[in-house]
Amino acid sequence: MTAATEAQAQTRRVDRGGFPWVALLALAAAGFLAIFTETIPAGLLPQLSAGLGISESAAGQLVTLYAIGSVLAAIPLVAATRRASRKKVLLVAVLTLLVFNTVTALAPWYALILVARFVAGAAAALVWGVLAGCARRLVPPALQGRALTVTGIGQPIALAAGVPLGALAGSLVDWRWVFAAISVAAALLAAWIAVAVPDIPGQASSDHMPLRGVILLPGIRAVLLVALVWVLAHNILYTYIAPLLEPTGLRLDIGLAIFGIASFLGITATGVVIDRALRGTVLAVLVLMGAAGLALAHPALGALGIAGAVAIWGAGFGGAPALLQTALADRAGEHTDAAQSVFVTVFNAAVAGGGLVGGLVLTAQAPVAALAWTAVGLVAVAILAVVCGRRAFPPGRRGA
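Please read all numbers here as calculations on a predicted model, not as lab measurements.

Parameters at a glance
Residues numbered from 1 in each chain as written. Predicted model: local features only at pLDDT ≥ 70, side-chain atom pairs only at ≥ 80, totals over all residues. Heavy atoms only, no water. Axes fitted to C-alpha atoms, helices over the stretch in contact; angles between N-to-C directions. Helix = DSSP H or I, 4+ residues; strand = E, 2+ residues; numbered from the N terminus. Parallel < 35°, antiparallel > 145°, perpendicular 65-115°, else oblique. Contact = heavy atoms within 4.5 Å. Patch = residues over 30% accessible without salt bridge, like charges linked within 9 Å, V, L, I, M, F, W, Y side chains within 5 Å. Areas by Shrake-Rupley, 256 points an atom, 1.4 Å probe, with all protein chains shown as cover. Salt bridge = Lys/Arg side-chain N within 4 Å of Asp/Glu carboxyl O. Buried < 20%, exposed > 50% of the residue type's maximum accessible area, 1.4 Å probe, protein only. Phe/Tyr/Trp six-rings, centres within 6.5 Å; stacked < 30°, edge-to-face > 60°. Lys NZ or Arg CZ within 6 Å of the ring centre and 35° of its normal. Left-handed = near helix turned anticlockwise from the far one by under 90°. Nonpolar A, V, L, I, M, F, W, Y, C, P; charged D, E, K, R; others polar. Polar contact = N/O pair within 3.5 Å; in protein donor to acceptor, adjacent residues only side chain to side chain. Core = buried A, V, L, I, M, F, W, Y, C linked by side-chain atoms within 4.5 Å.

1. Quick look at the packing of helix H2 (residues 21–39) against helix H5 (residues 61–80)
At step 1: Direction vectors running N to C along H2 and H5 enclose 140 degrees, while the axes themselves pass 8 Å from each other. Taken together, H2 and H5 sit at an angle that is classed as oblique. Where H2 approaches H5, its residues Ala34, Thr37 and Glu38 are matched on the opposing element by Val63, Tyr66 and Ala67.

2. Points about a nonpolar patch on the surface
At step 1: Taken together, the side chains of Leu165, Leu168, Leu172, Val173 and Trp177 make up a nonpolar region of the molecular surface, amounting to roughly 550 Å² of accessible area.
At step 2: Positionally, valine 173 belongs in the loop between helix H9 (154–172) and helix H10 (175–196).
At step 3: The partly exposed category is assigned to valine 173, whose relative accessible area is 39%.

3. Some details on the packing of aromatic side chains
At step 1: The full count for this structure, using the stated rule, is eight aromatic pairs.
At step 2: Consider the rings of phenylalanine 32 and phenylalanine 36, whose centres lie 5.3 Å apart with planes at 15 degrees: the pair is stacked. On the criterion of helical spacing, the pair formed by phenylalanine 32 and phenylalanine 36 is a turn pair, its members being four residues apart in helix H2.
At step 3: In this structure phenylalanine 32 comes out as partly exposed when scored by relative accessible area, which is 27%.
At step 4: An angle of 85 degrees between the planes, with centres 6.0 Å apart, marks the rings of tryptophan 175 and phenylalanine 179 as edge-to-face. Of this pair, tryptophan 175 and phenylalanine 179 both sit in helix H10, four residues apart, which is roughly one turn of that helix. Just as tryptophan 175 is buried, phenylalanine 179 falls in that class too.
At step 5: We note arginine 146 situated over the ring of phenylalanine 19; from NZ or CZ to the ring centre the distance is 4.3 Å.

4. Here's the deal with the packing of helix H15 (residues 278–296) against helix H17 (residues 320–332)
At step 1: Between H15 and H17, the least distance of the axes is 10 Å, while the angle of their chain directions is 145 degrees. Handedness of the H15/H17 crossing: left-handed. On H17, the residues that touch Leu278, Thr281, Val282 and Val285 of H15 are Leu323, Thr326, Ala327 and Asp330.
At step 2: The residue inventory of the contact of H15 with H17, partitioned by class, reads five nonpolar, two polar and one charged.

5. Comments concerning the pattern of salt bridges
At step 1: Per the counting criterion, the structure on display carries two salt bridges.
At step 2: For the salt bridge of arginine 86 with aspartate 337, the shortest nitrogen-to-oxygen distance reads 2.8 Å. With arginine 86 in helix H6 (residues 86–106) and aspartate 337 in helix H18 (residues 336–363), this residue pair connects regions lying 251 residues apart in the sequence.
At step 3: The class for arginine 86 is buried, based on a relative accessible area of 1%.
At step 4: Looking at aspartate 337, the relative accessible area reads 13%, which means it is buried.
At step 5: Between arginine 136 and aspartate 330 there is a salt bridge, with the nearest N and O atoms lying 3.1 Å from each other.

6. Observations regarding the side chain of aspartate 275
At step 1: Looking at the element boundaries, aspartate 275 is found in the loop between helix H14 (252–273) and H15.
At step 2: For aspartate 275, a relative accessible area of 8% gives the class buried.
At step 3: There is a polar contact of 2.8 Å between the side chain of aspartate 275 and the backbone nitrogen of glycine 145.

7. Remarks on the nonpolar core
A general trend in soluble globular proteins is that nonpolar side chains are found buried together.
At step 1: The biggest cluster of nonpolar side chains holds 63 residues, and the ones touching the most others in it are Leu24, Leu27, Leu90, Val94 and Ile193.
At step 2: Tallying contributions element by element places helix H7 (residues 110–136) first for this core, with 14 residues.
At step 3: Beyond its immediate stretch of four places on either side in the chain, leucine 24 contacts Phe19, Ala135, Leu138, Ala147, Val150 and Thr151.
At step 4: If you look at the next biggest cluster of nonpolar residues, it comprises 60 residues, including Val214, Ala327, Ala332 and Ala372.

If you want it as structure tokens, here you go:
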């Protein structure tokens, strides 16, 4: 099928059946499952520690091994599966999460659980590697940004809910039942994807471009740079949100709830404007996040003022993945999956880097406000990169 005939088929599908909400929400649920599986151990640390006879810091390595699996596996797995049906690849990834969450629920040994978490992280990398390409190919070009924002809704919900729900579930049932429940959810999701998501062919061998060539495509490196510094800034703030909020009087649980709700609203609003003004939207939300960082550097604003800053931060960052993935896919074209594998690696490296950089700031005996100032500086770099990167973030309506 040529690009032209595929675009015509997409347009007919949308015209005939409306926007493909059911299929896109299945993709969003896959993203939710990947993030939720990653973050849930953080809410179960005491139960994991007691149940496995290990320290809480050792239990925390269940999150670390998952992230390492994602970082190491994204590029090679997406490259190895680039010719396969995107739907089948996604199903394999979700079923792998099912299997290795079940292993985590049943395994009697800590070492085996760590292996299971590593493989689950690799499966999550494969989920992220194909989601953007799947979402974009379900709709005509003029609606691709909107499709990505729908697909991305699962991410802020999972980030906001993962730790609190883990803590709640751990207070009600044994931690092993939590992972068993996630496995059941993965089975239901696999059935949903099988029924609702149309088959999407992989990349033809004649269209293959080496990964280095994809990275060198015009605009790709600028998008990846913005992704690196933007996600790094966010994770410095998010990883160390507890010490940032402590002197302000705003309770941590309330702050996290505000952030989660604002993130959901932010990605919803992004879906309305992303296809009309991608560049303007990116700049606007970066400015919002910079303003929030400035406020967080001034705890004297008090609980109410800082709550407003957290809401602005959440609203600004909520649509970030969809905005960045849309810009990246616009530049990568038919090589979107390969570019997305690099994006997944950069994104996860920035997540890990947030904890590292923030830790170095605090270790240097700097005041807690220095975390916020560091994030503001990184946001400023992102804004400069967008302003200078007119090829990566072109003005005007997408596809015009």
